[in-house]
Amino acid sequence: MKTENKHYLKTLGWKDFFDHQIENPEKDYHRIARITHEHKDHYVLMNNNGEKIIGLISGKWKKNLQEQDYPSVGDWVLTETNPTSTQIKYPSFVIEKRLIPYSQIIRRAAGTQKKAQVLASNIDIAFIVSSCNQEMDLKRIDRYIALLDTKIIKPILILNKCDLEVSFQNNHEALQKNFPQIPLILTRSDQPESLFPIQQLLTQGITSVFLGSSGVGKSTLTNLLLGDSKQLVQPIRNDDSKGRHTTTSRTLFLLPTPLGIIIDTPGLREIQLTENFHLDGPAFSDISQLALACRFSDCKHQTEPDCAVKLAVQKGEVSAQKLSHFQKLLKENQKNYHSSSQRKK
Ligand SMILES: Nc1nc2c(ncn2[C@@H]2O[C@H](COP(=O)(O)OP(=O)(O)OP(=O)(O)O)[C@@H](O)[C@H]2O)c(=O)[nH]1
Ligand SMILES: [Mg+2]
Ligand SMILES: [Zn+2]
């Protein structure tokens, strides 16, 4: 592909990784677009001129896809002109092909079917946001981190609402103590300069996502980065932790140059892991490091002899709660995995 053609795509997050997926770069370049928003029956895309277009996919194509192969926010696709276009406000196209992503964040969807659900594709940085008006839920953070393949997606913790002094100290210490390897950024919306460390990470072409419970301030931070109130934020909320969700779908925003890209997401009620979970990431890296020294390579750190992890717990180097949460996630995952492989039969 010509370098000048690639320039704008790179601003939109294009990586050389995708080059070989384009058969005819000179011709197909005009067909490349990125998904910014997902509706029930159509997608909103940004094309290589930064214009908003509508993308449709045929029901037949979607029916034959595995859930994790559905086009989702952050995906790159190839479009084809839509002969039956009826959209007036924005030109509409048919999505013909989804390019294989270099990273995905996938959870097991809530509900009885437990299908995989892609939260976002082609992500470089995941900001896991918590706030000072709720007691810190460390187990939720463990789960968010376990959704990430941290070899590709860099996790960053954000503690927002640092103006709420009552719980600032406790929450700050809890994050530092439990996730010493993960960078932590402290923010408050009345001091936009506190977002500077976020902006520094979001260089041009970097795609990031805000994850975290409802009410922690993800959309507030998105608006501050955009310098514009594009995302709805409830001005007064007394029950932030009680599940009133303001944002209801995921949206990708291109930040003003020279900054990168942010995807705002709704708070999740449940974070169930899929079989592709990542317990080797920084949330549990101490346990996985120690496990290398266990006698059995498949040690579950329960009753096995010569277990290095149990020994570390006895010595007080690893907390017993942390080990038990690790084991719970492992078990939950095996259960999910078995139920999904039975369904496939
Ligand atoms: N005191 C204080 N309040 C804040 C701060 N940041 C956000 N808020 C308030 O917190 C509430 C929730 O903010 P949102 O940005 O809607 O939270 P969200 O994470 O996007 O929530 P969902 O969309 O439901 O997932 C709003 O009333 C914000 O004004 C902050 O730094 N300090
Ligand atoms: Mg929101
Ligand atoms: Zn062990």
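The shown structure was predicted, so the numbers you read here are calculated from the model rather than taken from an experiment.

Looking now at the pairing of strand β11 (residues 207–211). Of all 5 residues in β11, 5 are buried, a share of seventy percent or more. Side chains of β11 alternate between two faces, with T207, V209 and L211 and S208 and F210 buried alike. Note: strand β8 (residues 125–131) against β11, 4 bridges, orientation parallel. Following the sheet pairing, A126 is matched in β11 by V209. Here β11 runs beside strand β13 (residues 261–264); their pairing, made up of 4 bridges, is parallel. The residue bridging F210 from the neighbouring strand is D264, located in β13.

Take the nonpolar core next. For soluble globular proteins, the rule of thumb is that nonpolar side chains tend to be buried together. Counting 54 residues, the largest nonpolar core has L45, I105, I141 and F179 as its most contacted members. When residues in this core are grouped by element, the largest group, 4 residues, is from helix α4 (residues 138–146).

Attention now moves to the coordination of the magnesium ion (ligand 2). Every protein donor of the magnesium ion (ligand 2) is accounted for by S219 (OG) and T247 (OG1), and the metal-donor separations fall at 1.9 to 2.1 Å. Note that S219 is positioned in helix α7 (residues 218–226) and T247 in the loop between α7 and β12 (251–254), a separation of 28 residues in sequence. The class for T247 is buried, based on a relative accessible area of 13%.

Moving on, we get to the site of ligand 1. Not every one of the 24 residues close to ligand 1 is listed here, only the nearest: S189, S214, T220, Q234 and T247. N160 places a side-chain nitrogen or oxygen 3.1 Å from a nitrogen atom of ligand 1. Within the contact set of ligand 1, an oxygen atom lies 3.4 Å away from a backbone nitrogen or oxygen of V216. Surface burial for ligand 1 is 89%, taken as the share of its 660 Å² of free accessible area covered by protein chains. Looking at the shell around ligand 1, the element that brings in the most residues is α7, giving 3 residues. For the shell around ligand 1, the class distribution of residues is 5 nonpolar, 13 polar and 6 charged.

The next subject is the packing of aromatic side chains. Counting across every chain of the model gives 8 aromatic pairs. Note on F17 and Y102: the rings are 5.9 Å apart at their centroids and 75° apart in plane angle, and the pair reads as edge-to-face. Residue F17 is located in the loop between α1 (3–11) and α2 (25–28), and its partner Y102 is located in the loop between β5 (92–98) and β6 (104–108); the two are separated by 85 residues in the primary sequence. Under the relative-accessibility criterion, Y102 is labelled buried at 13%. Here F18 and Y102 contribute two aromatic rings whose centre-to-centre distance is 5.9 Å and whose plane-to-plane angle is 55°, an arrangement assigned as tilted.

So, how was this worked out
Residues numbered from 1 in each chain as written. Chains lettered and ligands numbered in written order. Predicted model: local features only at pLDDT ≥ 70, side-chain atom pairs only at ≥ 80, totals over all residues. Heavy atoms only, no water. Buried < 20%, exposed > 50% of the residue type's maximum accessible area, 1.4 Å probe, protein only. Helix = DSSP H or I, 4+ residues; strand = E, 2+ residues; numbered from the N terminus. Pairing = 2+ DSSP bridges. Core = buried A, V, L, I, M, F, W, Y, C linked by side-chain atoms within 4.5 Å. Donors = N, O, S within 2.8 Å, 3.2 Å for Na, K, Ca; no water. Near = heavy atom within 4 Å. Polar contact = N/O pair within 3.5 Å; in protein donor to acceptor, adjacent residues only side chain to side chain. Areas by Shrake-Rupley, 256 points an atom, 1.4 Å probe, with all protein chains shown as cover. Nonpolar A, V, L, I, M, F, W, Y, C, P; charged D, E, K, R; others polar. Phe/Tyr/Trp six-rings, centres within 6.5 Å; stacked < 30°, edge-to-face > 60°.

The values are spatial; any link to function lies outside them.
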